[in-house]
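Structural description and commentary
Chain residues, written in single-letter form:
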Amino acid sequence: MIEKGNFALHYYDKAIDLLKRLAVIPAPSLKEDKRVDFIISYLKAEGIKDAYVDEAKNVIIPYNDDGKRDLDVFAAHTDVVFNTDDFLRLEIDGDTLYCPGSGDDSAHVVAVVLYALYFHREKINTRRGILFVLNSAEEGLGNLKGVKTLFAHYKERIKSFTSFDASLGQGIVTEAVGSERYLIKVKTKGGHSYKDFGEESAIAESAKVISALYSQRVKDATYNVGTIKGGTSVNSIAESAEFTYEYRSTKSTELKKMRSVFFSTIESFSNEKVKIDVEKIGVRPCGEKTDIRELRSKAESALKRYNYSTEEASSSTDCNWPLSLKTPSICFGLAEIHNSHTLEEHISLSSYKKGLDIGYDYIISLTTSFH
């Protein structure tokens, strides 16, 4: 068995080679097929024959799983926020690797693949079975389809869930930020900008609704209008417009309050001349009170070796779903990420080298602790 702190010594070069090949493959949420096909081919070429893809496009690599044992899950999501079918640009400049999605979450996908490869090759004795998972649909409107499907299949057999995501050094995510997301469509009669001046405009009415939503004063929640579009031309009174809206909180009671305000606001602007339709397009649950002390302790030990922060953090991740089911779950990163979710996203390679060791140390500590 590789000693703690030495995984990168053996696997760093392999990790960079795999990252160069995988990170450029487009993988919008719910359209991860190309990346999934690549991962499966890579695993088979490396001798892992029992990996499979489920109906949600999760790549699942079982280890020491007899179909009955309790399971520890180690996951990273294959999808990225960029909705393109074109290959993504990647370049390395000194200690920096540039590529959209390189840190969120391609570098972590590579790490999980290599951890799975190592366990299979070395036949590590573990206290439970393990699922190494490259799951789909974490970003945006993927709505956690991948992890939801995973739990639908394995249910109560999953005793812990760890997601490798976010930036190394930003602590350990122990609390889930829940959210609800909507598409709001506004329709009016519209007309000619001159002859029909005074008729209701769908764009103007949308602006009124948005302004009202933004007048809220909240303490334990956030909200955002993310997109807006509509209208026909500069000389037309818009007869249709639409926008997307979300609110977030770590508390389910606050989500309930936000929901009430949202629908009452919509109702106040609806009338015979202004029709407003609301479609729920995304839900992420808050977490329930869950005992994560063992996971947190193992993560703290691994992170402290390299003097990285172990502060608790809250975020919206794949952990939302298991935490809502009271399954012990945490999330932390294995590389320092900059400009995440932008075309200028990049990671520090020296930090990734440390991160590979941190992830390995954590998994070894958790899975080989017999008590």
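The structure we're discussing is the one just above.
Residues numbered from 1 in each chain as written. Predicted model: local features only at pLDDT ≥ 70, side-chain atom pairs only at ≥ 80, totals over all residues. Heavy atoms only, no water.

Within the fold, K4 resides in the segment before α1 (7-22). Between the C-alpha atoms of K4 and Y362, which are 358 residues apart in sequence, the distance is 9.0 Å. For K4, the residues in contact, after removing those within four places along its chain, are R305, Y360, D361, I364 and S365. (Helix = DSSP H or I, 4+ residues; strand = E, 2+ residues; numbered from the N terminus. Contact = heavy atoms within 4.5 Å.)

A few words on the packing of α1 against helix α2 (residues 33-45). Contact geometry for α1 and α2: axes closest at 11 Å, N-to-C directions at 145°. Between α1 and α2 lies a crossing of right-handed hand. Facing K14, L18, R21 and L22 of α1, the residues of α2 in contact are R35, F38, I39 and Y42. Taken together, the residues of the contact of α1 with α2 sort by class into 5 nonpolar, no polar and 3 charged. (Axes fitted to C-alpha atoms, helices over the stretch in contact; angles between N-to-C directions. Left-handed = near helix turned anticlockwise from the far one by under 90°. Nonpolar A, V, L, I, M, F, W, Y, C, P; charged D, E, K, R; others polar.)

With respect to the helices, strands and loops of the structure, D13 is situated in helix α1. Under the relative-accessibility criterion, D13 is labelled exposed at 62%. Along the backbone, D13 and K189 are 176 residues apart, and their C-alpha atoms lie at a distance of 62 Å. (Buried < 20%, exposed > 50% of the residue type's maximum accessible area, 1.4 Å probe, protein only.)

Okay, the layout of surface pockets next. A volume near 780 Å³ is recorded for the largest pocket. As for the largest pocket, its lining consists of 32 residues, and the residues nearest its centre are E139, G140, R181, R248 and H341. Of all the secondary structure elements, the ones that give two or more residues to the lining of the largest pocket are β11 (222-230), β13 (240-249), β14 (275-284), β15 (312-315) and β16 (329-332). Looking at side-chain class alone, the lining of the largest pocket contains 10 nonpolar, 14 polar and 8 charged residues. (1 Å grid on protein atoms, 1.4 Å probe; cavity = no way out; pocket = protein on both sides within 12 Å on 5 of 7 lines; lining within 4 Å. Points joined across faces, edges and corners; volume = space filled by probe spheres on them.)

With that out of the way, let us pick up the nonpolar core. Counting 87 residues, the largest nonpolar core has F132, Y352 and Y362 as the members making the most contacts within it. Apart from residues lying up to four places away in sequence, Y352 is in contact with A15, I16, L19, A107, V110, A111, L334 and A335. (Core = buried A, V, L, I, M, F, W, Y, C linked by side-chain atoms within 4.5 Å.)

The subject of this paragraph is the packing of aromatic side chains. Enumeration over the complete set of coordinates arrives at 24 aromatic pairs. Plain terms: the ring middles of Y11 and Y118 are 6.1 Å apart, the flat faces sit at 90° to each other, and that makes the pair edge-to-face. You can see Y11 sitting in helix α1 and its partner Y118 sitting in helix α3 (residues 102-122), a full 107 residues away along the chain. A residue is classified by how much of its surface remains accessible, and Y11, at 9% relative accessible area, is buried. Among the residues examined, Y118 registers a relative accessible area of 1% and is labelled buried. Members of the aromatic cluster, joined through ring pairs, are F7, Y11, Y63, F74, Y115, Y118, F119, F132, F164, F332, Y360 and Y362. (Phe/Tyr/Trp six-rings, centres within 6.5 Å; stacked < 30°, edge-to-face > 60°.)

Function cannot be read off these values alone, since they describe shape.
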